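# Results of the structural survey
Single-letter residue listing:
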Amino acid sequence: MTVVMLRRRKLGRTSCNEIARLSNKIDEVIRNDQPFPVDTSLVIRWGTTSNVPCRNVVNTAKAIHRVGDKAGFRKVLMEHWEESAVPEDTETLCPYTWFDGDADRPDPRDFPIVVRPAVHSQGRNVHLVRTAAEMALATQQCGAGWYASPFIDKVSEYRVTFVQGRVCWVAKKTPGNPQDVAWNVARGGRFDNVRFGDWPLRAIRISHEAFMLSGLDFGAVDVRIRGNRAVVLEVNSAPGLEGASLEIYSTKIKEWLHA
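Residues numbered from 1 in each chain as written. Predicted model: local features only at pLDDT ≥ 70, side-chain atom pairs only at ≥ 80, totals over all residues. Heavy atoms only, no water.

### Things to note about the packing of aromatic side chains
Counting across every chain of the model gives five aromatic pairs. Ring centres of Tyr 96 and Trp 98 lie 5.3 Å apart, and the angle between their planes is 80 degrees; this geometry places the pair in the edge-to-face category. When its relative accessible area of 4% is taken as the criterion, Trp 98 is described as buried. Here the aromatic rings of Phe 162 and Phe 211 are separated by 4.8 Å at their centres, their planes lie at 15 degrees, and the arrangement is stacked. Placement of Phe 162 in strand 9 (residues 156–163) and of Phe 211 in helix 5 (residues 201–214) is noted, with a sequence separation of 49 residues between them. Phe 211 shares its class with Phe 162; the two are buried. (Phe/Tyr/Trp six-rings, centres within 6.5 Å; stacked < 30°, edge-to-face > 60°. Buried < 20%, exposed > 50% of the residue type's maximum accessible area, 1.4 Å probe, protein only. Helix = DSSP H or I, 4+ residues; strand = E, 2+ residues; numbered from the N terminus.)

### Section: the pattern of salt bridges
According to the stated counting rule, one finds nine salt bridges in the structure shown. A salt bridge links Asp 222 to Arg 159; the nearest nitrogen and oxygen atoms lie 2.8 Å apart. Of this pair, Asp 222 sits in strand 12 (residues 218–226) while Arg 159 is found in strand 9, placing the two residues 63 residues apart along the sequence. A relative accessible area of 2% places Asp 222 in the buried class. What makes Arg 159 buried here is its relative accessible area of 7%. When salt bridges with common partners are traced through the structure, they connect Glu 157, Arg 159, Lys 173 and Asp 222 into a single cluster. (Salt bridge = Lys/Arg side-chain N within 4 Å of Asp/Glu carboxyl O.)

### Remarks on the sheet that holds strand 9
The five strands are arranged 11-10-9-12-13 in an open sheet whose pairing can be described as antiparallel. Edge strands, defined here as strands with exactly one partner in the open sheet, are strand 11 (190–193) and strand 13 (229–236). Direction aside, the axes of adjacent strands within the sheet are offset by 35 degrees on average. When strand 10 (residues 166–174) meets strand 11, the two strands line up antiparallel, connected through four bridges. Across the sheet, the residue bridging to Lys 173 is Phe 191, located in strand 11. (Pairing = 2+ DSSP bridges. Axes fitted to C-alpha atoms, helices over the stretch in contact; angles between N-to-C directions.)

### Observations concerning the environment of Val 115
When you line up the elements, Val 115 lands in strand 6 (residues 113–116). On the accessibility criterion, Val 115 (0% relative accessible area) is buried. Ignoring anything within four residues of it in the chain, the contact list for Val 115 reads Asn 125, Val 126, His 127, Val 129, Met 135, Ala 138, Thr 139, Cys 142, Trp 146, Tyr 147 and Ala 148. (Contact = heavy atoms within 4.5 Å.)

### A short note on the sheet that holds strand 7 (residues 127–129)
If you trace the four strands from one edge of the open sheet to the other, you get 5-8-6-7, paired in antiparallel fashion. On the outer flanks of this sheet lie strand 5 (98–99) and strand 7, each paired with one strand and no other. Relative to strand 7, strand 6 runs antiparallel, the two sharing three bridges. Each residue of the ladder has a partner; that of Ile 113, found in strand 7, is Val 129.

### A look at the pairing of strand 6
In summary, the side chains of a regular strand alternate between the two faces of the sheet. A two-sided burial pattern is seen for strand 6, the buried positions comprising Ile 113 and Val 115 on one face and Val 114 and Arg 116 on the other. For strand 6 and strand 8 (residues 147–150), the ladder comprises four bridges, and the chain directions are antiparallel. The partner of Arg 116 across the bridge, within strand 8, is Tyr 147.

### With respect to the environment of Glu 18
Looking at the element boundaries, Glu 18 is found in helix 1 (residues 13–23). Considering only alpha carbons, one finds Glu 18 and Leu 246, 228 residues apart in sequence, at a separation of 7.0 Å.

### Examining the nonpolar core
Counting residues in hydrophobic clusters, the biggest one holds 32 residues, and the most contacted among them are Phe 73, Leu 77, Val 170, Leu 216, Val 223 and Val 235. Of all elements in the fold, only helix 2 (61–68), helix 3 (70–84), strand 9, helix 5, strand 12 and strand 13 reach the threshold of two or more residues within this core. If you tally residues by element for this core, the top one is helix 5, at six residues. Sequence-distant contacts of Val 235, that is, excluding residues within four places in its chain, are made with Val 67, Lys 70, Phe 73, Ala 210, Ser 214, Leu 216, Ala 220 and Val 221. Counting residues in hydrophobic clusters, the runner-up holds 19 residues, among them Met 5, Ala 20, Cys 168 and Leu 246. (Core = buried A, V, L, I, M, F, W, Y, C linked by side-chain atoms within 4.5 Å.)

What follows is the structure, encoded as structure tokens:
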């Protein structure tokens, strides 16, 4: 059984190579622009939707595309909550969101808000706007398909990693700069492991619900907590990993391949 980990160009080289080394079950890590081994029996996708000549695939292209379209998946989260919520339920899966093309738009009472393009990564392309003029400029820079949400100061943010619908790691994000709108490891932050007894159960619950909507076999959910409220920000098909998280993730993938 030849197992290949397929990653997108400029994405996940360190994480994928470390997972392959630690798991001892992945035979080769290749980029999506490199020749594909003809004898491959299983492909583990890492954030890429490229076609592969193999039927056995972990993380389908459809699921990766679904969560990669950040605006589109935010709509999925919004619609799911609206369809399932009961009148007295004040919990939402994600922050209230405005979308390009919708009649509903922010008014002055909604500012400040955060505007982002439909597709983004690594904490880039975040626009904090406080006026209608800034909103117009931000949406122009983001292009068609932008989405926006109210800006809320974060108290804490977590990453909940899943394999086959089960939580395998929970980490608290420590930002490089707490004033940043997006807390991201690529921008100088770090992940701190959260012990099982300290897991934020409200965040775990809605993270699981969001992950199951993604269709992914493995991935990570970023969830924010403020007071008694928890909301999902996004789901990642190629989550940044480091240190102990790599070992935990690799162990879970090894167990999965043995199953």
